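Examination of the molecular architecture
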Number of protein chains: 2
Amino acid sequence: MTRSLAALDDLLAAADADAYCIEAGSDDSNQLYLSGFDAPDPFFTAYTGEQLAILVSGLEYGRATKESNADAVARLSTYNYAERAAEDGQAAALAGVYADFLADLGVESALVPERFPVGVADGLRDRGLAVDVDGDDVVETVRATKTEAELDAVRRATAANEAAMAAAEDLIAAADVADDGTLVIEEDGETTSLTSERVKEEIEVTLLRHGCALDETIVACGADAADPHDRGSGPLRAGESVIIDIFPREKASKYHSDMTRTFAKGGASDAIGEWFALTEEALEAALDAVEPGATGAEVHAAVCDVYEDADHPTLRSDPDTETGFIHSTGHGVGLDVHERPGLNPRGEELEPGHVITVEPGLYDPEVGGVRIEDIVIVTEDGYENLTADSPVELVVQ
Amino acid sequence: MTRSLAALDDLLAAADADAYCIEAGSDDSNQLYLSGFDAPDPFFTAYTGEQLAILVSGLEYGRATKESNADAVARLSTYNYAERAAEDGQAAALAGVYADFLADLGVESALVPERFPVGVADGLRDRGLAVDVDGDDVVETVRATKTEAELDAVRRATAANEAAMAAAEDLIAAADVADDGTLVIEEDGETTSLTSERVKEEIEVTLLRHGCALDETIVACGADAADPHDRGSGPLRAGESVIIDIFPREKASKYHSDMTRTFAKGGASDAIGEWFALTEEALEAALDAVEPGATGAEVHAAVCDVYEDADHPTLRSDPDTETGFIHSTGHGVGLDVHERPGLNPRGEELEPGHVITVEPGLYDPEVGGVRIEDIVIVTEDGYENLTADSPVELVVQ
């Protein structure tokens, strides 16, 4: 696969717009993808079909000419930004500069993504530009299909992630169980509590040693694990489920991976054991449904079927439920850890080159939580499971 | 200091608007600050002066009721989001849900920040809401003045940062100089090149051990150091300046710190030595200007004066210069690593409780780069330098 902006060209033609425009820093993955330029502060990108032009501050100008995808790089000072900001304030000055930059490109009508800043959009409209919103976020759709280089980046992030998961499991395996049921470890000759925070530190240091960074990790035990977005804290306890969900970003490429395992030290309750077996079954049912032409909605439905057949509530059977299967089945992974395609009730068609996670799970504060998440590439004839070698085993002795 | 939303109340009254609204995830610091809720996906916050209400997905509902600042928490399913999305698509469904949520709050006119998504703004306007843009970003102005708890968070992040800087300096001090002038270290009985990447790893691991995370660090040597935004790569070399700029975030509080030191292993050229002395002088001049009532513009001018008096170009003397002092003097630090107040030509008035960095520097690809950055709290009678105990010394033997 090589990167294709054909969908963007088609959209510009269909909308009769002169350019697709983004104003954001590279923390906006559409901006990073389209411009190819990694810079923290907002800058302006205009894609006309014929050329990609970016407008940056003087501070970023030299690097932008060397590192970005742009055919043309302009700088704010060319449009007298500083003088205009002193006179009219920053917001008006920026809108004026952007309008002049677009005029130089011959752009009179722009398509922008949903999350384009309204202040800039209104400023351009006030200056006579037509600004319409692309409600379908075409760049995110383009991003969903990865090139070989992008897939390799996800593979490297996944290998780092598997090493971090193994390090976390090793730490739990090495722990002892204190009289009060909490886990303890011997470190530097001292016995200390094995906490969620300590396991996260092990995960994060392992990822750093493998060239990956991450903002957050989930190591959630017991009732914490019953809330899918709880990051977890405090001592881990034997016999309770511990959900470990790690979603690192390779620092060099900025591509992510994402995987989850659930462990129980020394053994688990019957309920957790049953949930785990059922979640493995749901994972297999979902993976069986993954192939080009299937939709994310169908994969999600396969998971709901398994859980509902076993009398667990899902958001499909009860949109307000707070227990059972209370999230979507998965999501695309790339520059964002959550991106297209979605494996949810509205999930679109899967295509070769998509990278998706499949992550069924069950939750109830009275019981705990169980989640198993693999990350796979959709291929011409099915899928390739990148986390197939990471064992799926609940009990850690 | 306690948090005050008085400026927001005043703005709503002056604009005759019913609510200040934000639609973003907590990666948007205004959203995190106003809502007090840390969630990755976009959610809707409406502040009416009388109450703060937030609208979240079912997945976040339980946590939002426990953890957010909101007086009222609503969920998407109450407004039949799933059904509407299936029928009208996600963008239209969200706009409809937000409009109904605002109607329930009695809100007919909304003020939104510059970076509020245009797709949502246009969707609300289409449904009869008046949506005007707050061009002054009032929440960021409110955020600039920190409470004692926020200052304590910055102090903790700064202590971690100083430990990381010391670890980096220790690593350079422990290095030897190879025949080709590159730095080498003995690790695990082997001699390996001391690279920018290896120093960054040391910094990052140290920060993790102190409860802080970071996306990026700058360890830039020689010509790399001449570009203020270059992160640096490859072997470090003796006699060249190495800029180390670290800007971590405390994971628990999400508050940042930021500091920079410049080192030269074994000695430095006369040019770098002169630049370093001049930059220390510029730092002192800037700090002398920091007090309540002074403006960020005045502090910035003090630095420009020092450099221009020594015949170095600045962006004030030449807006297009690519050498000399080519950035602003500093910025506020808090939930964002770059926030208000700015120490730049448009810098606003400093007030007690502001946290700012002061970071003069000189750059030229023929020479290298030098930057020294301290972080200070503006106090009633001047400032408190949080990095006063971190030595400012160029040469590392």
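Residues numbered from 1 in each chain as written. Chains lettered and ligands numbered in written order. Predicted model: local features only at pLDDT ≥ 70, side-chain atom pairs only at ≥ 80, totals over all residues. Heavy atoms only, no water.

All right, on to helix H6 (residues 118–126) of chain A then. Residue and element names in this part refer to chain A. Summarising burial for H6: seven of the nine residues are buried, a large majority. Buried residues of H6: Val 118, Gly 119, Val 120, Ala 121, Asp 122, Gly 123 and Leu 124, and no others. Just downstream of H6, Gly 128 is the residue with a positive phi angle, here 95°. (Buried < 20%, exposed > 50% of the residue type's maximum accessible area, 1.4 Å probe, protein only. Helix = DSSP H or I, 4+ residues; strand = E, 2+ residues; numbered from the N terminus.)

Next up on the list: the UniProt feature "domain: Peptidase M24" (unreviewed entry) in chain A. Here, the residues flagged by UniProt with the feature "domain: Peptidase M24" (unreviewed entry) are residues 153–380 of chain A. In the segment residues 153–380 of chain A, helix accounts for 31% and strand for 26%; the C-alpha atoms at its two ends are 20 Å apart. (UniProt positions renumbered as here; feature names shortened; annotations may be inferred.)

Residue and element names in this part refer to chain A. Orientation of helix H5 (residues 90–104) relative to H6, taken along the N-to-C sense of each, is 60°, at an axis distance of 9 Å. The angle between H5 and H6 falls in the class oblique. At the point where H5 passes H6, the crossing takes the right-handed sense. On H6, the residues touching Ala 95, Tyr 98, Ala 99 and Leu 102 of H5 are Val 120, Gly 123 and Leu 124. Classifying every residue of the contact of H5 with H6 by side-chain character gives six nonpolar, one polar and no charged. (Axes fitted to C-alpha atoms, helices over the stretch in contact; angles between N-to-C directions. Parallel < 35°, antiparallel > 145°, perpendicular 65-115°, else oblique. Left-handed = near helix turned anticlockwise from the far one by under 90°. Contact = heavy atoms within 4.5 Å. Nonpolar A, V, L, I, M, F, W, Y, C, P; charged D, E, K, R; others polar.)

Residue and element names in this part refer to chain A. Overall, mixed pairing links the four strands, which are arranged E11-E12-E14-E22 in an open sheet. One side of each edge strand has no neighbouring strand; the edge strands of this open sheet are strand E11 (217–221) and strand E22 (395–396). In terms of strand pairing, strand E12 (residues 241–246) meets strand E14 (residues 259–265) through six bridges, oriented antiparallel. Note that in E14 the partner of Ile 243 across the bridge is Thr 262. Sheet strands in contact with helix H9 (residues 196–209) are E11 and E12, and its direction is about 150° off that of E11. (Pairing = 2+ DSSP bridges.)

Moving on, we get to the interface of chain B and chain A. Each partner contributes to the interface: chain B provides 48 residues, whereas chain A provides 48 residues. Contact between chain B and chain A buries roughly 4,200 Å² in total, counting both sides, with carbon and sulfur atoms accounting for 48%. Per-residue buried area on chain B facing chain A is highest for Leu59(B), Arg115(B) and His229(B); these three make up 16% of the total on that side. The tally of links from chain B across to chain A stands at eleven salt bridges. In this structure, Glu322(A) and Arg75(B) form a salt bridge, with 3.3 Å as the shortest nitrogen-oxygen distance. (Buried area = accessible area lost by both parts, 1.4 Å probe. Salt bridge = Lys/Arg side-chain N within 4 Å of Asp/Glu carboxyl O.)

This paragraph deals with the nonpolar core. Formed by 54 residues in total, the largest nonpolar core has its most connected members in Phe44(A), Leu124(A), Phe44(B) and Leu124(B). Ignoring sequence-local partners within four residues, the contact set of Leu124(B) consists of Phe44(B), Ala95(B), Tyr98(B), Ala99(B), Leu102(B), Phe116(B), Leu129(B) and Val131(B). (Core = buried A, V, L, I, M, F, W, Y, C linked by side-chain atoms within 4.5 Å.)

Residue and element names in this part refer to chain A. At a minimum axis separation of 8 Å, helix H8 (residues 148–174) and H9 run at an interaxial angle of 145°. The way H8 lies across H9 gives a crossing that is right-handed. Two secondary-structure elements touch here, H8 through Ala 160, Asn 161, Ala 163, Ala 164, Ala 167, Ala 168 and Leu 171 and H9 through Arg 198, Val 199, Glu 202, Ile 203, Thr 206 and Leu 207.

Two pairing modes exist for strands in a sheet, parallel and antiparallel, and in both the strands are linked by backbone hydrogen bonds. All names here are of chain B. In space, the three strands of this open sheet follow the order E7-E8-E9, with antiparallel pairing throughout. Looking at which strands have only one partner, the edges of the open sheet turn out to be strand E7 (176–177) and strand E9 (190–193). Inspection of the sheet shows strand E8 (residues 183–187) paired to E9 by four bridges, in the antiparallel sense. Paired with Glu 187 across the strands is Glu 190, a residue of E9.

Superposing chain B onto chain A requires a rotation of 180° together with a translation of 0.0 Å along the rotation axis, leaving an RMSD of 0.0 Å. Overall, the copies show the geometry of a two-fold rotation axis. In terms of proximity to the rotation axis, the leading residue of chain B is Val118(B), whose C-alpha is 2.1 Å off the axis. Interface overlap between copies: 100% of the residues of chain B at the interface are likewise at the interface in chain A, consistent with a symmetric, same-surface contact. (Least-squares fit on C-alpha atoms with pLDDT ≥ 70 in both.)

According to the stated counting rule, one finds twelve aromatic pairs over all chains in the structure shown. Between Phe44(A) and Phe101(A) the ring centres are 6.0 Å apart and the planes differ by 85°, which places this aromatic pair in the edge-to-face class. Residue Phe44(A) is located in strand E2 (residues 43–47), and its partner Phe101(A) is located in helix H5; the two are separated by 57 residues in the primary sequence. An identical accessibility class is assigned to Phe44(A) and Phe101(A); each is buried. Judged by centre distance (6.4 Å) and plane angle (90°), the rings of Phe44(B) and Phe116(B) are edge-to-face. (Phe/Tyr/Trp six-rings, centres within 6.5 Å; stacked < 30°, edge-to-face > 60°.)

UniProt marks residues 6–144 of chain A with the feature "domain: Creatinase N-terminal" (unreviewed entry), using the numbering shown here. This span, residues 6–144 of chain A, is 47% helix and 22% strand, and a straight line between its end C-alpha atoms measures 14 Å.

The next subject is the environment of Val355(B). Residue and element names in this part refer to chain B. Here Val 355 is to be found in strand E17 (residues 355–358). Under the relative-accessibility criterion, Val 355 is labelled buried at 0%. Sequence separation between Val 355 and Gly 334 is 21 residues, and the spatial gap between their C-alpha atoms is 7.3 Å. Those residues in contact with Val 355, other than ones at most four positions away along the chain, are Ala 144, Lys 146, Leu 151, Val 154, His 331, Gly 332, Val 333, Pro 341, Ile 375, Val 376 and Ile 377.

All names here are of chain A. When the domains of chain A are assigned, the result is domain 1 (6–143) and domain 2 (145–396). Domain 1 puts ten residues into the contact, and the matching count from domain 2 is ten residues. Buried area between domain 1 and domain 2, both sides added, is near 870 Å², and the carbon and sulfur share of it is 36%. The interface formed by domain 1 and domain 2 includes four salt bridges. For Lys 254, the salt bridge identified is with Asp 38, shortest N-O distance 3.2 Å. Where domain 1 packs against domain 2, one counts eleven residue pairs in polar contact (both at pLDDT 80 or more). Listing elements by their share of the side of domain 1 that touches domain 2, those giving two or more residues are helix H2 (29–35) and helix H7 (138–144). For the side of domain 1 that touches domain 2, the leading source of residues is H7, giving four residues. For the side of domain 1 that touches domain 2, the per-class residue count stands at three nonpolar, two polar and five charged. (Domains from an automatic or database assignment. Polar contact = N/O pair within 3.5 Å; in protein donor to acceptor, adjacent residues only side chain to side chain.)

Another aspect to go through is the pattern of salt bridges. This structure, assessed with the given rule, holds 53 salt bridges over all chains. The salt bridge partner of Glu60(A) is Arg63(A), with a shortest N-O separation of 2.9 Å. Note that Glu60(A) and Arg63(A) are positioned in helix H3 (residues 58–67) at a spacing of three residues, about one turn of the helix. Classification of Glu60(A) by relative accessible area gives buried; the value is 6%. Put simply, Arg125(A) and Asp122(B) hold a salt bridge, and the shortest N to O gap is 2.6 Å. One end of the pair, Arg125(A), is in helix H6; the other, Asp122(B), is in helix H6 (residues 118–126), on a second chain.

Turning next to the pairing of strand E18 (residues 361–364) of chain A. Remark: a regular strand shows side chains that alternate across the two faces of the sheet. Residue and element names in this part refer to chain A. Because side chains alternate across E18, one face comprises the buried residues Gly 361 and Tyr 363, and the other comprises Leu 362 and Asp 364, equally buried. Relative to strand E19 (residues 368–371), E18 runs antiparallel, the two being bridged by four bridges. Considered in E19, the bridge of Asp 364 is made with Gly 368. The turn linking E18 back onto E19 is made up of three residues.

The subject of this paragraph is a negative patch on the surface. Together, Glu291(A), Glu298(A), Glu348(A), Glu349(A) and Glu351(A) make up a negatively charged patch on the protein surface. You can see Glu348(A) is positioned in the loop between strand E16 (339–343) and strand E17 (355–358). (Patch = residues over 30% accessible without salt bridge, like charges linked within 9 Å, V, L, I, M, F, W, Y side chains within 5 Å. Areas by Shrake-Rupley, 256 points an atom, 1.4 Å probe, with all protein chains shown as cover. Lys, Arg positive; Asp, Glu negative; His and termini not counted. Charge placed at Lys NZ, Arg CZ, Asp CG, Glu CD.)

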